[in-house]
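Structure at a glance
Listed here are the chains, written in short residue letters.
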Amino acid sequence: MFRKLQINAQRWMRGRYGVFDSLNKLLIIIGLISLVAGNFISIMSWPLLLLAYGTFIWAYYRLFSKKVYVRSNENQKYLRLKMKYQKKFKQQKTKFEQRKEYKYFRCSNPSCKQQLRAPKGRGEIKVTCSKCQQVFIKKV
């Protein structure tokens, strides 16, 4: 009986996206958080519950969609956006960890704005921008 049910489910899922990807995971997490928050907050909880059910519906729509390439492209866009913000966060974390050893500054060329670093405690040094090759003097 369970084998027949499994075969029917596999047949129904054939040609559908059916992938629990990163975007679906995010949608489910947002839905769960807003569902829990909506149940604990008694005043004006309906927007959170609406958000929860909306994200659950969107996640299941994506899961059962037959537009495989469209869903895959959605996930790729999400991953690019996620990596962009992770990269910025990682850069800020590295700058914070190295704040005692290095001085961070931008190139003096207004059109370049390349971020540069130099070891602290060296006084005035001649800096060459790695992007535009402009040379300027900076006190570090």
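Reading the values: the criteria
- Residues numbered from 1 in each chain as written.
- Predicted model: local features only at pLDDT ≥ 70, side-chain atom pairs only at ≥ 80, totals over all residues.
- Heavy atoms only, no water.
- Core = buried A, V, L, I, M, F, W, Y, C linked by side-chain atoms within 4.5 Å.
- Buried < 20%, exposed > 50% of the residue type's maximum accessible area, 1.4 Å probe, protein only.
- Helix = DSSP H or I, 4+ residues; strand = E, 2+ residues; numbered from the N terminus.
- Pairing = 2+ DSSP bridges.
- Axes fitted to C-alpha atoms, helices over the stretch in contact; angles between N-to-C directions.
- Parallel < 35°, antiparallel > 145°, perpendicular 65-115°, else oblique.
- Contact = heavy atoms within 4.5 Å.
- Nonpolar A, V, L, I, M, F, W, Y, C, P; charged D, E, K, R; others polar.
- UniProt positions renumbered as here; feature names shortened; annotations may be inferred.

Describing the nonpolar core
Among soluble globular proteins, nonpolar side chains are generally buried collectively. Among the nonpolar cores identified, the biggest contains nine residues, and these are Phe105, Cys107, Cys112, Leu116, Ala118, Val127, Cys129, Phe136 and Val140. Listed in part, the seven residues of the second largest apolar core include Leu23, Ile28, Ala52 and Ala59.

Points about the pairing of strand S2 (residues 115-119)
Only one face of S2 is covered, namely the one carrying Leu116 and Ala118; the face carrying Gln115, Arg117 and Pro119 has none of its residues buried. Sheet topology note: the strand S1 (residues 102-106)/S2 ladder contains five bridges and is antiparallel. Considered in S2, the bridge of lysine 103 is made with alanine 118.

Some words on the packing of helix H2 (residues 22-40) against helix H4 (residues 68-97)
Where H2 contacts H4, the axes come no closer than 8 Å and their chain directions differ by 75°. Overall, the two elements H2 and H4 adopt an arrangement that is roughly perpendicular. Residues Ser22, Leu23 and Leu26 of H2 touch H4, and the partners they reach there are Glu74, Asn75, Tyr78 and Leu79. Across the contact of H2 with H4, the residue classes break down as four nonpolar, two polar and one charged.

Concerning the UniProt feature "transmembrane region" (unreviewed entry) in the protein
UniProt annotation of "transmembrane region" (unreviewed entry) refers to residues 20-37 and 43-61 when read in the numbering used here. For the annotated span residues 20-37, helix accounts for 89% and strand for 0% of the residues, and the straight-line distance between the end C-alpha atoms is 24 Å. The annotated region residues 43-61 carries 84% helix and 0% strand content, and the separation between its end C-alpha atoms amounts to 30 Å.

Considering the pairing of strand S4 (residues 135-139)
Two strands pair when backbone bridges link them, and strand S3 (residues 124-128) and S4 are joined in this way by five bridges, in the antiparallel orientation. When the sheet's bridge partners are listed, threonine 128 is paired in S4 with valine 135.

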